[in-house]
Amino acid sequence: AAVFLSQFGGNNPVIRDRWPSYPDLDFDNYVRYMNEACSFLYFPGFEPDDQPGLYTQHFLYFFAPNLERAVRDLTPRSAASGQLAESLERLTFLFTHDLNRGLHAFLQKQGYAAKKIAFIQDLGRVLPEGGGRAVGDHWSRHYTPGLEAYVRRKERVLFDLFPQLSACDIPPHRAAA
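Residues numbered from 1 in each chain as written. Predicted model: local features only at pLDDT ≥ 70, side-chain atom pairs only at ≥ 80, totals over all residues. Heavy atoms only, no water.

**Looking at the overall build of the protein chain**
Consideration 1: Helix and strand counts for the protein chain stand at 11 helices and 0 strands.
Consideration 2: Its helices and strands in sequence order give the protein chain the pattern α-α-α-α-α-α-α-α-α-α-α, from N to C terminus.
Consideration 3: Taking all 177 residues of the protein chain together, the buried fraction comes to 28%.
Consideration 4: Excluding contacts between residues fewer than 6 apart, the proportion of contacts in the protein chain whose partners are at least 24 apart in sequence is 57%.
Consideration 5: With the model as given, the accessible surface of the protein chain reaches about 12,200 Å², and the carbon-plus-sulfur share is 56%. (Helix = DSSP H or I, 4+ residues; strand = E, 2+ residues; numbered from the N terminus. Buried < 20%, exposed > 50% of the residue type's maximum accessible area, 1.4 Å probe, protein only. Contact = heavy atoms within 4.5 Å. Areas by Shrake-Rupley, 256 points an atom, 1.4 Å probe, with all protein chains shown as cover.)

Structure follows, in structure tokens:
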């Protein structure tokens, strides 16, 4: 932790000027800090303030068949046009909100016998040891409208690639107190 604090904050005057309370950041500032101070890729097709966010960077790092080309060629227009999606066609992504159905469909495509995988659709949710979130603790409670807009702008490439992320059942906005 000490190495991280000294390298990415701590005595760094730029970090201290931007986030005076670092490392004690509220959620809003933490999200902005991670995007601004911890980014590791630069996308020439985007304006400096519009660089894709940290989740998009990690996604491309792990899944783009050619990271250098993906970074060089990615623009707001190309992301929305489907060029990036075409390069990821051979991959199958499963989503936790729909995991049983998605896994069952994937295994069917892979040729598994229907009898052998039928049980998957009847399984309950898999939760971490100790359970999941408290009932009513929806992600939207932790985001102000400004922070949600910031994240959707920074991660627009992911929202373009996976429109189902925007289509999730989103309750009326409730900002964290």
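What follows continues from the structure just given.
**Quick word on helix α8 (residues 99–109)**
Consideration 1: Listed in full, the buried residues belonging to α8 are Gly102, His104 and Leu107.
Consideration 2: Buried residues belonging to α8 abut α9 (114–117).
Consideration 3: At the exit of α8 stands Gly111, carrying a positive phi of roughly 95°.

**With respect to the packing of helix α3 (residues 27–37) against helix α10 (residues 145–154)**
Consideration 1: Across the interface, α3 lies against α10 with an axial gap of 10 Å and an inter-helix angle of 20°. When the axis of α3 is compared with that of α10, the two are roughly parallel. As for the relative orientation of α3 and α10, their crossing is left-handed in sense. For the pair α3 and α10, the contacting residues are Phe27, Asp28, Val31, Arg32, Asn35 and Glu36 in the first and Gly146, Leu147, Tyr150, Val151 and Lys154 in the second.
Consideration 2: Among the residues forming the contact of α3 with α10, the class breakdown is 5 nonpolar, 2 polar and 4 charged. (Axes fitted to C-alpha atoms, helices over the stretch in contact; angles between N-to-C directions. Parallel < 35°, antiparallel > 145°, perpendicular 65-115°, else oblique. Left-handed = near helix turned anticlockwise from the far one by under 90°. Nonpolar A, V, L, I, M, F, W, Y, C, P; charged D, E, K, R; others polar.)

**Some thoughts on the environment of Arg153**
Consideration 1: Locating Arg153 in the fold gives a position in helix α10.
Consideration 2: A relative accessible area of 32% means that Arg153 is categorised as partly exposed.
Consideration 3: The residues contacting Arg153, other than those within four sequence positions of it, are Asp49 and Asp50.

**Remarks on the nonpolar core**
Consideration 1: Membership of the largest hydrophobic core comes to 16 residues, with the highest contact counts inside it found for Phe43, Phe59, Leu60, Leu74, Leu84 and Leu161.
Consideration 2: Elements supplying a minimum of two residues to this core: α4 (54–63), α5 (67–73) and α11 (156–161).
Consideration 3: Residue contributions to this core peak at 3 residues, all from α11.
Consideration 4: Counting residues in each nonpolar core, the second largest holds 6 residues, with Tyr22, Tyr33, Cys38 and Leu54 among its members. (Core = buried A, V, L, I, M, F, W, Y, C linked by side-chain atoms within 4.5 Å.)

**Remarks on the confidence of the model for the protein chain**
Consideration 1: Looking at the protein chain as a whole, its pLDDT mean stands at 82, while 86% of the residues score no less than 70.
Consideration 2: Segment residues 1–5 is flagged for pLDDT under 50; beyond a separation of four residues in sequence, or across chains, it makes 7 contacts in the model. (pLDDT = per-residue confidence, 0-100.)

**A few points about the layout of surface pockets**
Consideration 1: Its boundaries defined by the atoms lining it, the second largest pocket holds a volume of some 250 Å³.
Consideration 2: Lining the second largest pocket are Ala64, Pro65, Asn66, Arg69, Ala70, Asp73, Leu74, Ser78, Gln83, Leu84 and Ser87.
Consideration 3: Every element with two or more residues in the lining of the second largest pocket is listed here: α5 and α7 (83–87).
Consideration 4: Its residues assigned to classes, the lining of the second largest pocket comprises 5 nonpolar, 4 polar and 2 charged. (1 Å grid on protein atoms, 1.4 Å probe; cavity = no way out; pocket = protein on both sides within 12 Å on 5 of 7 lines; lining within 4 Å. Points joined across faces, edges and corners; volume = space filled by probe spheres on them.)

**A word on the pattern of salt bridges**
Consideration 1: This model, assessed by the stated rule, comprises 7 salt bridges.
Consideration 2: Arg18 is the partner of Glu36 in a salt bridge, and the nearest nitrogen-oxygen pair spans 3.1 Å. Within this pair, whereas Glu36 is found in helix α3, its partner Arg18 is found in helix α2 (residues 13–18), the two being separated by 18 residues in sequence.
Consideration 3: Residue class for Arg18 comes out partly exposed when judged on its relative accessible area of 39%.
Consideration 4: The residue Asp50 makes a salt bridge to Arg153 at a minimum N-O spacing of 2.9 Å. (Salt bridge = Lys/Arg side-chain N within 4 Å of Asp/Glu carboxyl O.)

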